[in-house]
Amino acid sequence: MTRLSGITPSGHAHVGNYLGAIRRWAREGAQGDLYFVSDLHAMTTAYHPQRLRARARELLATLIASGIEPNQVFVQSDLIREIGALTWLLECTCAYGEAARMTQFKEKSGTDGKIAARVGLLTYPVLMAADILLQGADEVPVGDDQEQHVELARALARRFNSTHGEVFTVPRAVTPRAAARVRDLADPTRKMDKSATDAAGVIFVLDEPDMVRRKIKRAVTDGLERLEYRPDDQPGLANLLEILAACLGKSPREVADGYPSYDSLKDAVAEALIEELRPIRTGTLSLLADIDHLDKIRAEGAIRARERGQHRLESALRLAGVG
Ligand code: TYM
């Protein structure tokens with residue numbers, strides 16, 4: 001069985017990415033799994049090329065510092081020819097309506113309007129399907145927000161297989177039991193997001209301990225002073241309980257009983273997070289201090305991933321009557 005998942009360098013990795021995705025990849029990963037930095041996905045809205053390159057490197061370091069084996073990582077754009085080719089086959093398998101109804105497209109094109117939005121924003125889930133199908137992934141461990149995209153990859157794999165012949169594994173999304181959707185601390189109605197315009201409610205994996213304490217202290221709570229886990233009525237408190245529960249390996253209801261006040265709970269959340277993030281932060285920084293080593297891991301990862309996907313791409317091209 002192969003697991004595969006990716007993270008987009010549209011910003012720095014945050015606690016939602018870490019607790020909802022990266023930590024799980026590291027803990028549950030097995031030989032043959034693949035985890036990658038999806039830098040091509042960061043080009044669907046305005047971006048700075050140098051910053052993109054630096055963030056891709058930073059995220060690669062964070063994946064390894066989090067415990068993912070160096071022989072399981074790669075950077076997506078190192079396979080741009082293979083993934084680009086497969087994306088075209090899959091775009092010609094995907095209906096416009098299927099792409100246009102994706103929640104992320106509707107949300108992210110909202111500010112620009114659909115006409116001004118880049119075509120890449122519309123077809124980005126198809127690029128994601130190409131990532132998954134190229135490598136023959138059976139399972140795709142993601143947070144809640146990516147489930148819909150994995151559903152699209154399933155639909156495209158099935159359609160391609162039934163139209164042209166069996167070549168793709170039909171993947172399935174696996175979401176975590178805890179921390180599937182960590183919310184913004186300043187606005188718990190929204191998910192924590194790398195590209196949030198205001199970072200006050202976003203804790204980054206590389207934030208210094210004092211910064212973590214400050215952001216948690218300022219987290220919005222719900223003013224009811226009842227320390228119970230009620231996500232619908234008290235989303236701010238529920239978010240803190242979920243974060244603490246994910247750090248301690250308990251359920252949010254269990255941790256809710258242990259604290260007499262919001263202040264004591266916030267102190268506990270901050271200290272648990274600081275301890276959880278400490279090795280990841282120091283590990284990332286030390287990997288970034290040795291760029292040659294990191295580049296070597298990257299180059300080897302690209303060769304491995306390219307070789308693994310090659311036969312599937314060639315079969316798909318042949319069955320589709322091209323190449
Ligand atoms: P991205 O970079 O937005 O997120 C990376 C992973 O983190 C999860 N995540 C969260 N989990 C809990 N709470 C949150 N607030 C939160 N925010 C993000 C995401 O669900 C994801 O698992 N398109 C993908 C990257 C990608 C990919 C793929 C994933 C590209 N190709 C192929 C799987 C398979 C993305 O932008 O994730």
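Whatever comes next refers back to the structure up there.
Quick caveat, the model's predicted, so the values are computed rather than measured.

Definitions and limits used
- Residues numbered from 1 in each chain as written.
- Predicted model: local features only at pLDDT ≥ 70, side-chain atom pairs only at ≥ 80, totals over all residues.
- Heavy atoms only, no water.
- Helix = DSSP H or I, 4+ residues; strand = E, 2+ residues; numbered from the N terminus.
- Rg over C-alpha atoms; globule rule 2.2 N^0.38 Å.
- Buried < 20%, exposed > 50% of the residue type's maximum accessible area, 1.4 Å probe, protein only.
- Contact = heavy atoms within 4.5 Å.
- Areas by Shrake-Rupley, 256 points an atom, 1.4 Å probe, with all protein chains shown as cover.
- Lys, Arg positive; Asp, Glu negative; His and termini not counted.
- Charge placed at Lys NZ, Arg CZ, Asp CG, Glu CD.
- Axes fitted to C-alpha atoms, helices over the stretch in contact; angles between N-to-C directions.
- Parallel < 35°, antiparallel > 145°, perpendicular 65-115°, else oblique.
- Left-handed = near helix turned anticlockwise from the far one by under 90°.
- Nonpolar A, V, L, I, M, F, W, Y, C, P; charged D, E, K, R; others polar.
- Phe/Tyr/Trp six-rings, centres within 6.5 Å; stacked < 30°, edge-to-face > 60°.
- Near = heavy atom within 4 Å.
- Polar contact = N/O pair within 3.5 Å; in protein donor to acceptor, adjacent residues only side chain to side chain.

Peer 1: Before we go on, may I ask you to explain the overall build of the chain in this structure?
Peer 2: The helix and strand tally for the chain stands at 12 helices and 5 strands. Over its C-alpha atoms the chain spans a radius of gyration of 20 Å, differing by no more than 12% from the 20 Å that the globule rule assigns to 323 residues. Burial statistics for the chain: of 323 residues in total, 53% are counted as buried. For the chain, the proportion of contacts with a sequence separation of at least 24, taken over those separated by at least 6, is 75%. Just so you have it, the chain exposes about 14900 Å², and 50% of that area is on carbon and sulfur atoms. Computing the positive centroid from 43 side-chain charges and the negative centroid from 45, the chain places the two 2 Å apart.

Peer 1: Can you help me understand the packing of helix α3 (residues 80-91) against helix α12 (residues 291-319) in this one?
Peer 2: Each pair of packed helices can be described by the angle between their axes along with the distance between the axes. The contact between α3 and α12 brings their axes to 10 Å, and the two run at 30 degrees. One way to sum up the angle between α3 and α12 is to call them roughly parallel. As for the relative orientation of α3 and α12, their crossing is left-handed in sense. Residue-level inspection shows Glu82, Ala85, Leu86 and Leu89 of α3 in contact with α12, the latter providing Arg306, Gln310, Leu313, Ala316 and Leu317. Grouping the constituent residues of the contact of α3 with α12 by class yields 6 nonpolar, 1 polar and 2 charged.

Peer 1: Looking at this model, I keep getting lost on the packing of aromatic side chains. Mind explaining?
Peer 2: Centre-to-centre distance and the angle between the planes together describe a pair of aromatic rings. The tally for this structure, following the rule as stated, stands at 3 aromatic pairs. Relative to phenylalanine 74, the ring of phenylalanine 36 lies with its centre 5.0 Å away and its plane at 20 degrees, an arrangement referred to as stacked. Here the residue phenylalanine 36 occupies a position in strand β2 (residues 34-37), and phenylalanine 74 occupies one in strand β3 (residues 73-75), the gap between them amounting to 38 residues.

Peer 1: Would you explain the site of the ligand in this entry?
Peer 2: Near the ligand, the surroundings consist of 28 residues, among which Thr8, Asp131, Gly143, Asp145 and Lys194 are the closest. Threonine 8 has a polar side-chain atom sitting 2.7 Å from an oxygen atom of the ligand. Between an oxygen atom of the ligand and a side-chain N or O atom of asparagine 17, the distance comes to 3.2 Å. Summarising the interface, the protein chains cover 97% of the accessible area of the ligand, which totals 710 Å² for the free molecule. Taken together, the elements giving at least two residues each to the shell around the ligand come down to β1 (4-7), α1 (15-28) and α6 (119-134). Class assignment for the residues of the shell around the ligand results in 13 nonpolar, 11 polar and 4 charged.

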